[in-house]
Amino acid sequence: MVKREELTAENIARIVDDARKAGYDFFLSAEQRAASLEHAMTRYPAGEEAWVFAYGSLMWNPAIEYAEAQPCRIDGWRRSFCFWTPMGRGTPELPGLMLALESGGACEGIAYRLAPDQVRSELELLWNREMLAGVYQAQWVPTVLRDGRTVTSVTFVVDPAHCQYCGDLPMERAAHHIAFAEGRRGACRDYLASTAAHARALDIHDPYIEELVERVAALRQDGYVIPAIQPAVAAAAPAA
């Protein structure tokens, strides 16, 4: 689980330094992350609330403070295990896979509302978490909340030109890496399991995720199951 205290500038600087020493020189500097955030903020009306669309680990481990959380849907983007992670949930010898949004289809997840006084601080933490390697691009997308409201939220889509991108992987190969890759952040299969469990708890049915769960279970043959959990999202969740 990612904790807020792990997302400080000092800690992120150490992670980036370690990654670059390991040969991953594409990891972004603090200045590059700040420039990316400032570019995204040009779409944000100053002094207003902001929304964040979560579709992967942000659903079950947001690590940001927020004023409200709502199940929601976006169109034109879909979940995809489409980039390699050779450090967090994998190794250079057996890299794991991580979720991003790819163009096409639709995706259900959680929208977090940030109050005006939370926007800058929480997005800075979010950029420290999500923009380490530069594999994501920030995108503002129309978001339909389950209660009927439509808002605009910021989310993270994959950069298909990035060296970690692997969007054309066959399902059987993707399942193999998810089933067996492990890194300092844990097992890739646990990332899949948590995503699937929280989607189910929110009454989100994603056939792509469910197929991967079945394939990983068949590969593992060790009782790999998705735990049943209670939904953590209410119509108005208090700040963490």
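Residues numbered from 1 in each chain as written. Predicted model: local features only at pLDDT ≥ 70, side-chain atom pairs only at ≥ 80, totals over all residues. Heavy atoms only, no water.

**Here we look at unusual backbone geometry**
You will see that A63, though not glycine, has its phi angle at about 60°, which is positive. Its place among the elements puts A63 in the loop between α3 (57-60) and β2 (68-85). Judged by its relative accessible area of 13%, A63 is buried. Residue D203 is not a glycine yet carries a positive backbone phi of 60°. In this structure, D203 sits in the loop between α6 (188-201) and α7 (207-220). Accessibility expressed as a relative area gives 67% for D203, which makes it exposed. (Helix = DSSP H or I, 4+ residues; strand = E, 2+ residues; numbered from the N terminus. Buried < 20%, exposed > 50% of the residue type's maximum accessible area, 1.4 Å probe, protein only.)

**Considering the confidence of the model for the protein chain**
For the protein chain, per-residue confidence averages 93 on the pLDDT scale, and 95% of positions sit at 70 or higher. Confidence drops under a pLDDT of 50 for residues 235-240, and excluding neighbours within four residues, the segment shows 15 contacts in the predicted structure. (pLDDT = per-residue confidence, 0-100. Contact = heavy atoms within 4.5 Å.)

**Describing the pairing of β2**
In terms of residue burial, β2 counts as a mostly covered element, since 14 of its 18 residues are buried. Across 16 bridges, β2 lies against strand β3 (residues 96-114) in antiparallel orientation. What sits directly across from W84, in β3, is L97. Bridge analysis of β2 against strand β4 (residues 136-145) gives two bridges, and the strand direction is antiparallel. Paired with R73 across the two strands is V144, which belongs to β4. (Pairing = 2+ DSSP bridges.)

**A word on the nonpolar core**
By size, the foremost hydrophobic cluster in this structure holds 71 residues, and its most contacted members are Y55, F81, L123, W127 and L192. No other element matches β3, which puts ten residues into this core. Discounting chain neighbours no more than four positions away, the residues touching Y55 are R79, L99, A100, L101, C107, Y136, T155, F156 and T195. Core analysis: the next-biggest nonpolar cluster, separate from the first, contains 13 residues, V2, L7, I12 and F27 among them. (Core = buried A, V, L, I, M, F, W, Y, C linked by side-chain atoms within 4.5 Å.)

**Observations regarding the side chain of R89**
One can find R89 in the loop between β2 and β3. A polar side-chain atom of R89 sits 3.4 Å from the main-chain carbonyl oxygen of R185. A polar contact of 2.9 Å, which involves the side chain of R89, links it to the backbone oxygen of A187. If we skip the residues at most four places from it in the chain, R89 touches W60, G96, M98, A181, E182, G183, R185, G186, A187, C188, D190 and Y191. (Polar contact = N/O pair within 3.5 Å; in protein donor to acceptor, adjacent residues only side chain to side chain.)

**Digging into α7**
With 14 residues, α7 extends 20 Å from end C-alpha to end C-alpha; this agrees with the ideal 20 Å at 1.5 Å per step. Lining the buried residues of α7 we find β2, β3, α5 (171-180) and α6. The N-cap residue of α7 is D206: its side-chain oxygen and the backbone nitrogen of Y208 are 3.0 Å apart. At the exit of α7 stands Q221, carrying a positive phi of roughly 50°. (Expected span 1.5 Å × (residues − 1).)

**Examining the environment of A13**
In this fold, A13 is placed in helix α1 (residues 9-21). Given the relative accessible area of 43%, A13 is considered partly exposed.

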